[in-house]
Protein chains: 2
Amino acid sequence: MADQSISWIAADWGTTHLRVWIFGPRGEQIAALSSADGMGRLSPEQFEPALLSLIDTYLREGRQTPVIACGMVGARQGWVEAPYDAAPCPPPGANSAILAPVDDPRLTVRILPGVSQSKPADVMRGEETQIAGYLAQNPGFDGVICLPGTHTKWAHISAGEIVSFRTFMTGELFSLLSERSVLRHGISSDGWDGAAFAEAIDDAMARPQTLAADLFSIRASALLESLPPATARARLSGFLIGLELAGARPYWLGQHVILIGAETLSNLYSAALMAQGTQAELAGGDAMTLAGLTAAFESSMKETP
Amino acid sequence: MADQSISWIAADWGTTHLRVWIFGPRGEQIAALSSADGMGRLSPEQFEPALLSLIDTYLREGRQTPVIACGMVGARQGWVEAPYDAAPCPPPGANSAILAPVDDPRLTVRILPGVSQSKPADVMRGEETQIAGYLAQNPGFDGVICLPGTHTKWAHISAGEIVSFRTFMTGELFSLLSERSVLRHGISSDGWDGAAFAEAIDDAMARPQTLAADLFSIRASALLESLPPATARARLSGFLIGLELAGARPYWLGQHVILIGAETLSNLYSAALMAQGTQAELAGGDAMTLAGLTAAFESSMKETP
């Protein structure tokens, strides 16, 4: 029986999902696996079994395979708390990682901390590793990184450090409003209207204070004017992203912005920024997560030769 | 067996609840009843049985007792659609009411329409009857009425007409965020912090564009600073009501505002407006609903003597 050699394992462990990548000795990716065993549904003693259920067959007796993890797995309610590094700071690497308690002798698990900020109060867990990945691939980068998602982050990067950042609940507001509010009756789960999106961005940036009224007007337009559900969806997205862009203006104005996240959402941000005269460049979310975890693995190897 | 004489029945029939009041021949209130048979869970043929289950024992053979209803019961998905009157218009009265189809010969049911507006698109169903009630008790009133609730309305009233209005989804946003978003982990279901509320009002009015970031800061403050859950609740409420007040400024600036709604919520609006130098006067929500339905009943009696 061939013993396929494993070098290390990367884990992106968020609230709702666990995703792992298995790497061979020359850095080649051997497998990518995932499960719905997110941090949100696990108690501390359930993390190791959840991880083993994905990677058990790749582990070998007599050697310890290192796992490097990032995300909510390091929250207070996670496997073990990896206390935040405080910004301004470099994105935490292997030297800040916390060892998780494991029973299986074939395994070591290092969890990367998130980053906190005191004024204004803010936190990230996972995005700092994507930033580390971008910096690993673009040494010396100074500028602004935006990470669109459920809780979109905007970060100022300078001299290898996260100088300051701000989180906007834009994605979560979109989910709540499109799926659970009165607006859900007139909003499709897919489809798009680019013109309605652009117009809503402009409206929200010009008059952010009327957001809660603009939202209700989506419902009223559905009732009175049979607003198409795909247009309603684009308008909702535009109002929320427009509000965020108005609030994040100090981050993007006059800057070249790096967008790290899922492609469809990043493209929306890119189009909205372009309309404001700001250039944006996309870097894949998964690719940056892996690059950040890889950088942490490589530096951990230097520490413990 | 004493036959207690019934004159008419008032019904406030919203999405989640049905509330009825039984009146005697001299206008005296004989009973107030309610059920969870809101419009949201009934198909058209279920409305009459839902109403009868509350009022059946008050009806008499050989005579038709009139019921006057307002609210979502007149929506397209309700008992029978009572098409909107278009603002500017007086709050719809008995002459605009729609007769609902009934099988029981002891009953007539009139449903009052809501009011629509085309630019910006907006609708109300129920609040117009509260406005009618206020106007019935304050003939000749000109000014601004605010009706705080799930979907707060601001209305300009002049010469007996609803001239224009605007709906803010403030109450629904508060429910979604406090009960279903990531903020729910650090927010109590009761308790209050008046200073935090006032500060959040000021913050949101000064910087409405950072709402989605200010919301997340509630979560971050819970994680980093152990923000008390009652303070988190007041801060969330303040951010959302402050955003609304910033957007509704053309309504209240330099005005004396009439607040029609539940007492606790109306008191919050009153305090927030007072801090902006605007006087507000409370009129009870139920009292105004009943006054509006009573005015509609009385005018229907004049029409059909």
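This text goes with the structure placed above it.
What you see is a predicted model; the values in this text were computed from it and never measured. (Residues numbered from 1 in each chain as written. Chains lettered and ligands numbered in written order. Predicted model: local features only at pLDDT ≥ 70, side-chain atom pairs only at ≥ 80, totals over all residues. Heavy atoms only, no water.)

Chemist: Honestly, helix α8 (residues 263–275) of chain A in this entry has me stumped. Any pointers?
Modeler: Quick reminder: α-helices carry 3.6 residues per turn. Residues three or four places apart thus point the same way. Between its first and last C-alpha atoms α8(A) spans 18 Å; for 13 residues at 1.5 Å apiece the expected length is 18 Å, and the two agree. Listing the buried residues of α8(A) in full gives Ser266(A), Leu268(A), Tyr269(A), Ser270(A), Ala272(A) and Leu273(A). (Helix = DSSP H or I, 4+ residues; strand = E, 2+ residues; numbered from the N terminus. Expected span 1.5 Å × (residues − 1). Buried < 20%, exposed > 50% of the residue type's maximum accessible area, 1.4 Å probe, protein only.)

Chemist: Help me out: how do you make sense of the interface of chain A and chain B in this one?
Modeler: Reports often express the size of an interface as the amount of accessible area lost when the parts come together. Contact residues are listed per partner, giving 41 residues for chain A and 41 residues for chain B. Taken together, both faces of the contact between chain A and chain B bury some 3500 Å²; the carbon and sulfur share is 71%. Among the residues chain A hides against chain B, the three largest losses belong to Met169(A), Gln209(A) and Phe216(A). Together they make up 17% of the total. Counting the contacts that link chain A with chain B gives two salt bridges. Arg166(B) is paired through a salt bridge with Asp214(A); the nearest N and O atoms lie 3.0 Å apart. When contributions to the side of chain A that touches chain B are tallied by element, the ones reaching two or more residues are β8 (115–117), β9 (122–124), β12 (161–168), α3 (170–180), α5 (211–225) and α6 (229–247) of chain A. The element best represented in the side of chain A that touches chain B is α5(A), accounting for 12 residues. Taken together, the residues of the side of chain A that touches chain B sort by class into 21 nonpolar, 12 polar and eight charged. (Contact = heavy atoms within 4.5 Å. Buried area = accessible area lost by both parts, 1.4 Å probe. Salt bridge = Lys/Arg side-chain N within 4 Å of Asp/Glu carboxyl O. Nonpolar A, V, L, I, M, F, W, Y, C, P; charged D, E, K, R; others polar.)

Chemist: Please explain the packing of aromatic side chains as it appears in this structure.
Modeler: Each aromatic ring pair is summarised here by two numbers: the centre-to-centre distance and the angle between the ring planes. Residues and elements named next belong to chain A. Within the structure shown, the criterion is met by 16 aromatic pairs over all chains. Ring centres of phenylalanine 47 and tryptophan 79 lie 5.9 Å apart, and the angle between their planes is 15 degrees; on these two criteria the pair is classed as stacked. Of this pair, phenylalanine 47 sits in helix α1 (residues 47–55) while tryptophan 79 sits in the loop between β4 (65–70) and β5 (85–86), and the two are 32 residues apart along the sequence. For phenylalanine 47, a relative accessible area of 0% corresponds to the buried category. Tryptophan 79 sits in the buried class, given a relative accessible area of 7%. Between the aromatic rings of tryptophan 154 and tyrosine 251, the centroid separation amounts to 6.4 Å while the plane-to-plane angle is 45 degrees, which identifies the pairing as tilted. You can see tryptophan 154 sitting in strand β11 (residues 152–158) and its partner tyrosine 251 sitting in helix α7 (residues 249–252), a full 97 residues away along the chain. For the residue pair tryptophan 154 and tyrosine 251, the accessibility class agrees, reading buried in each case. (Phe/Tyr/Trp six-rings, centres within 6.5 Å; stacked < 30°, edge-to-face > 60°.)

Limitation: the analysis is restricted to geometry and does not speak to function.
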